[in-house]
Amino acid sequence: MRLEKRNRSSALALLLAPVGAAVFTLLVSGLLVLWAGAPVAQTYGLLFKGGFGSVFALSETLTRAIPLILTGLAATVAFKARLFNIGAEGQLYAGALAAVAVGGMHGAASGSGLAWSPWLLFPLMLAAAALAGAALLLGPALMKARLGVDEVVTTLLLNFIMLLFVSMMLDGPMKDPTAMGWPQSVALQGELELTKLVEQTRVHTGLLIASALAVLVWALLKFTVLGFDIRAVGANARAAAFAGVPVTRTVVLVALISGALAGLAGAIEVAGRTSYVTLDMSPGYGYTGIVIAMLAGLHPIGVLAASVFVAGVLVGADSMSRAINVPTYIADVIVAASLLSVLVATMLTQYRLRWK
Amino acid sequence: MTELLDILANPAFWIATLRTGTPLILGTLGVLMCERAGVLNLGIEGIMVAGAFTGWLAVYLGLPLWAGVGVAALTGAAFGLLHALLTVGLALSQHVSGLGITMLATALSYFGYRVSFPKVNTPPTITPFAEMAWLPVPILQNQTPLTLLALLLVPAIAYLLNRTPAGLSLRMVGENPRAAEGQGVSVAATRTAAIVAGSALMGVAGAFLTLSAFNAFFFNMVNGRGWICVALVVFASWRPGKALLGALLFAFFDALQLRLQQATGEAIVPYQLYLMLPYALSILALVLVARRAAYPQALMKPYRKGER
């Protein structure tokens, strides 16, 4: 088996590749549905209905998509420069913790007579979250640039350290004394919470912030010098350095942007949905963000679509599982399988397989 | 300080260290084989989950324990074959393929567990491997045969890599695939074989958890052990002997934090700080080793015949 570069890929093939990958994924996952003893068509019908079939379903899907857009963007920016940031999960928690630490100053300050305006405190809170996320990725990025330490492993290990740190904080200084012993932080004040976009649903203005950031990241990559540098470093770091691109500086800037986006994901989750930090506030949004970045082909606008798709599968599987006897883990299988099959499909639009 | 000495003087501590280290030894050897052939395998975390699940399920369904180990190895090999197909055959990003396989293998295992046992709250148990009481070696006689297997595999794999033609080919495709191809070694076949064999070891590493350390399958039971193995390989500079040392050192600190925590109570230092210790040490080790790290030259570089 060998690969041969295609001279040009037909537009039809490029369009059909993700569709083919999706069909393939659904066929393979259908076997698992059969194993669980459920009718395949009905299961997929329920899954789709649960994810997209009503205003409520769609609002739940969009709510779930918000952190995924941000972690997906975090992975996209980093991967563009070949900085394999696998630490978005930890950066998200760092951001959430910083957001509550700063947002909590509202209560403390007003007690001492110093009332912070939410108009001042809210941006401060987001900035703290972005800074915390960025700081967490700075170490691995510097270690990569200066010492050649593989960032995949260091960012991955930092996730575990960060989660333990959150657990320590929620057991100690940041614990809500009124939480009946549950490890959770003090809740954010009402004024710092993001308003709902639609009455009676959970979808909040974080969706607008996340979408705006997607456009911003797209513009950054496409129109700025930094964007050019990022793409140059990602394509070939050695050639980029030879052409005068400041590689170390670019990698560090990318790390700051990527970490900040993941940190914002944590702050916006807290301000928009949970209102306090818990140890299970993220069911792996950081890791799912990697899948989303790949599904989107590392395109910031594509991240929006991929996030809604993945969120829909996750939300739909929850409601499907309640109605019929198929475990919710089918959603994770579909997401992982679609990642791999989209990668294969994309590869096949660029290369031709020769059996020999 | 006296507590520390008490802990170190207790044989139970060293027994626990070796037991904790066993899945790390097996997993690290697995990663090492893949990486010496030039392929990163981040699928290990998921492959360990899958090995733990299928090995346990096989024994639960009535197969003997060693057959369960075999099933776990085959499961690992199957995912290894998938990784080889994607990274060697199709030259996809090794990072992404590995992460995808981790997600897929984990999700499939959890799905399979839930389909097999839809309503149970307490996981069904099996009778795991017994300790080797017949061995006249202290500490080792309190271990199961899988630990002995792991220890024996260290010199075996070192011999395979350094003293056999197959090992030479494996190292060549990891260092300089073009030269290997010139010598008539098939890069694709050698890499595939290395990934499949290494992934089989990862499956067995997972099976150790369900067939030896515990007697049931739990969610999150692998809990980052696979990622630790990836760090340990760098720490070990891709050498089996050092991999054994690294795995045991890590297990030592892991067992130590658990006991220090029990001895001192959590009043003085939050227990989370102890739990962070092994991860922090892993990062520290990576930094210290980085300067003289002898990466296999072709690691993470896809090889396409006739293309530069």
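What this report covers is the structure whose coordinates are included nearby. For clarity, every value in this text was computed on a predicted model and none was experimentally measured.

Conventions adopted
- Residues numbered from 1 in each chain as written.
- Chains lettered and ligands numbered in written order.
- Predicted model: local features only at pLDDT ≥ 70, side-chain atom pairs only at ≥ 80, totals over all residues.
- Heavy atoms only, no water.
- Contact = heavy atoms within 4.5 Å.
- Buried area = accessible area lost by both parts, 1.4 Å probe.
- Polar contact = N/O pair within 3.5 Å; in protein donor to acceptor, adjacent residues only side chain to side chain.
- Helix = DSSP H or I, 4+ residues; strand = E, 2+ residues; numbered from the N terminus.
- Nonpolar A, V, L, I, M, F, W, Y, C, P; charged D, E, K, R; others polar.
- Axes fitted to C-alpha atoms, helices over the stretch in contact; angles between N-to-C directions.
- Parallel < 35°, antiparallel > 145°, perpendicular 65-115°, else oblique.
- Left-handed = near helix turned anticlockwise from the far one by under 90°.
- Phe/Tyr/Trp six-rings, centres within 6.5 Å; stacked < 30°, edge-to-face > 60°.
- Buried < 20%, exposed > 50% of the residue type's maximum accessible area, 1.4 Å probe, protein only.

Digging into the interface of chain B and chain A
Buried accessible area, meaning the area lost when the parts come together, often serves as the stated size of an interface.
(1) Moving on: At the interface, 50 residues of chain B touch 48 residues of chain A.
(2) Moving on: Interface area for chain B against chain A, summed over the two sides, is near 4300 Å², with a carbon-plus-sulfur share of 84%.
(3) Moving on: Three residues, B:Leu90, B:Val96 and B:Phe111, lead the burial of chain B against chain A; their summed loss comes to 15% of the area buried on that side.
(4) Moving on: Our count for the chain B to chain A interface comes out at two residue pairs in polar contact (both at pLDDT 80 or more).
(5) Moving on: Those elements that place two or more of their residues in the side of chain B that touches chain A are helix H4 (65-89), helix H5 (94-116), helix H10 (225-235) and helix H12 (271-290) of chain B.
(6) Moving on: Sort the elements by how many residues they give to the side of chain B that touches chain A and H5(B) lands first, with 16 residues.
(7) Moving on: Partitioned by chemical class, the residues of the side of chain B that touches chain A number 33 nonpolar, 11 polar and six charged.

Topic: the packing of helix H6 (residues 145-163) of chain B against helix H9 (residues 187-213) of chain B
Residue and element names in this part refer to chain B.
(1) Moving on: Look at H6 against H9: their axes get within 11 Å of each other, and the N-to-C directions meet at 160°. Of the possible angle classes, the one that applies to H6 and H9 is roughly antiparallel. Read as a crossing pair, H6 and H9 show a hand that is left-handed. Counted together, Leu146, Thr147, Leu153 and Ile157 of H6 and Leu201, Val204, Phe208 and Ser212 of H9 form the full contact between these two elements.
(2) Moving on: Split into classes, the residues belonging to the contact of H6 with H9 amount to six nonpolar, two polar and no charged.

A word on the packing of aromatic side chains
(1) Moving on: Enumeration over the complete set of coordinates arrives at 26 aromatic pairs over all chains.
(2) Moving on: With a centroid separation of 5.2 Å and an interplanar angle of 75°, the aromatic rings of B:Tyr60 and B:Phe117 are classed as edge-to-face. With B:Tyr60 in helix H3 (residues 44-60) and B:Phe117 in the loop between H5 and H6, this residue pair connects regions lying 57 residues apart in the sequence.
(3) Moving on: Take B:Tyr60: its relative accessible area is 36%, and that puts it in the partly exposed class.
(4) Moving on: On the accessibility criterion, B:Phe117 (8% relative accessible area) is buried.
(5) Moving on: Ring-pair connections join several aromatic residues into one group, and the members of that group are A:Tyr329, B:Phe53, B:Trp56, B:Tyr60, B:Tyr110, B:Tyr113, B:Phe117, B:Phe217 and B:Phe219.

Any functional reading would require information beyond the geometric quantities listed.
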